[in-house]
Structures are given as C-alpha cells and as structure tokens.
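Now for the letters of each chain:
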Amino acid sequence: LRERYQAQVIDIEREPQAAAIAGAALDGVHVADLDQIDGAGFAALGLAPGRFDLLLALDVLEHLYDPWEALCRAVDLVRPGGHVLISLPNVQNIANLLSLSEGQWSYQAEGLLDATHLRFFTLPTADLLLTGAGLRLIHIGSVFNPALDQSRLKDRDNEISHGRLTLSRLTRDEVLLFFAYQYLLVAQKPETP
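All values derive from a computational prediction rather than experimental measurement.

A.B. asks: Help me get a handle on the sheet that holds strand β8 (residues 180-188), residues and values and all.
C.D. replies: A sheet is described by the order of its strands in space; here four strands give the open sequence β3-β4-β8-β5, paired in mixed fashion. What marks the edges here is a single partner per strand, and that holds for β3 (52-58) and β5 (136-144). With strand direction ignored, the average angle separating the axes of adjacent strands in the sheet is 10°. Across the sheet, helix α4 (residues 67-75) is in contact with β3 and β4 (78-89); its angle to β4 comes to roughly 150°. Against the sheet, helix α7 (residues 172-179) touches β5 and β8, its axis set at about 105° to β8.

A.B. asks: I'd like a description of the pattern of salt bridges, backed by residues and values.
C.D. replies: Taken as a whole and judged by the stated rule, the model has four salt bridges. Across the pair Asp 53 and Arg 79 runs a salt bridge, and its minimum N-O distance is 2.6 Å. With Asp 53 in strand β3 and Arg 79 in strand β4, this pair connects stretches of sequence that are 26 residues apart. For Asp 53, a relative accessible area of 49% gives the class partly exposed. A salt bridge links Glu 69 to Arg 73, with the nearest nitrogen and oxygen atoms 3.7 Å apart. With Glu 69 and Arg 73 both in helix α4 and four residues apart, the pair spans about one turn of that helix. What makes Glu 69 partly exposed here is its relative accessible area of 36%.

Basis of the calculations
Residues numbered from 1 in each chain as written. Predicted model: local features only at pLDDT ≥ 70, side-chain atom pairs only at ≥ 80, totals over all residues. Heavy atoms only, no water. Pairing = 2+ DSSP bridges. Helix = DSSP H or I, 4+ residues; strand = E, 2+ residues; numbered from the N terminus. Axes fitted to C-alpha atoms, helices over the stretch in contact; angles between N-to-C directions. Contact = heavy atoms within 4.5 Å. Salt bridge = Lys/Arg side-chain N within 4 Å of Asp/Glu carboxyl O. Buried < 20%, exposed > 50% of the residue type's maximum accessible area, 1.4 Å probe, protein only.

Just distances and angles here, no functional claims.
Take a look at the structure:
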C-alpha cells in the first residue's frame, strides 16, 4: 500500500514484539489492545476520527472478545465514504461440519479452529458485524478450501456427502457457503451519518 499508492500506513498491534517488527516497515505502530481502546484511547494515540480512507482488519476480529464493539470504535477513524476491508474465517466450512458430524471440535495451532479464535462467524453473522458498525457491505470475496470445482455445480439440487453426513437439495450459492474457508469483505462507511 505504501509503495503502490504512496499511502501512509499506521498499525495497531496488541503484542509489543509484533509492533517492533511492523515498525520497521510502516509509518507508525501503536501498541494497544483493540478490546480495550476507545475513542479517547485512539485520540491519545494521535488517531483522530475520520482520519483514514481505509481500515484493514485482516485476521483480527475473530481474536477479540468483543469484535462488534471494537469494530464500531475503529470505524470512527474512517472518513465518511471510506472503506473497511476485513477477513474472517467461515465456521460454516464443510470441514467443520464433517468434524461435528463425527462428534469432533478440536482446536488447533492455526486455521478455522485456531486456539486463539474467540469468536466465530458465518457470512450472515459477518454481515451483521459490518452493518452493526454502520457499514454497507459492497463486496464479498471467498477463499475456498477444500478445493471446489465450481463448473460442476448446478443452480440447484446439489449434494454434499461424506460418511453419514449428507446435505442435499443445495443451491449453488449454498454449496459455496460450505466451501468458503475465509471471507474477504469490503464495506463502505456512509457519506453522511
């Protein structure tokens, strides 16, 4: 972003070690906990409301105790008409459903069930997260895993079957929801409140 758009990039990191690494590449880094910081805290860091054109929260919100409130507070930093890009893992992913059908819910070192994930989202609940922060969802991107041959999908009456679990009469869009591993969501802050 800095090189391509000559943008100023400011980071907020909870961990001092990560902040030190980021500080070598960015225009500014602040050590703060997004679950704890409020408008006054942002102001104390020199981050004024409406200062930024773009807010990135990539692989962040699922790690927070209260991502809904944290996003609302952070959105205040975005100018009217500015954008927010978030990435969230999809708990509705077929791998999770298959594991649940076998009685398994095992936290791991990384991935959908990363042991540090405190909150879990599906596409509808991710949309509620954004709209609850006063944003309008304008683009949905998906990272698919496991791989999915979309050319084989029908508009309706698709079936997913594994072991004793069978999901049938699925629309094409429903199948895509089950194979989305991560969502990349772009939202816009309204021009006027």
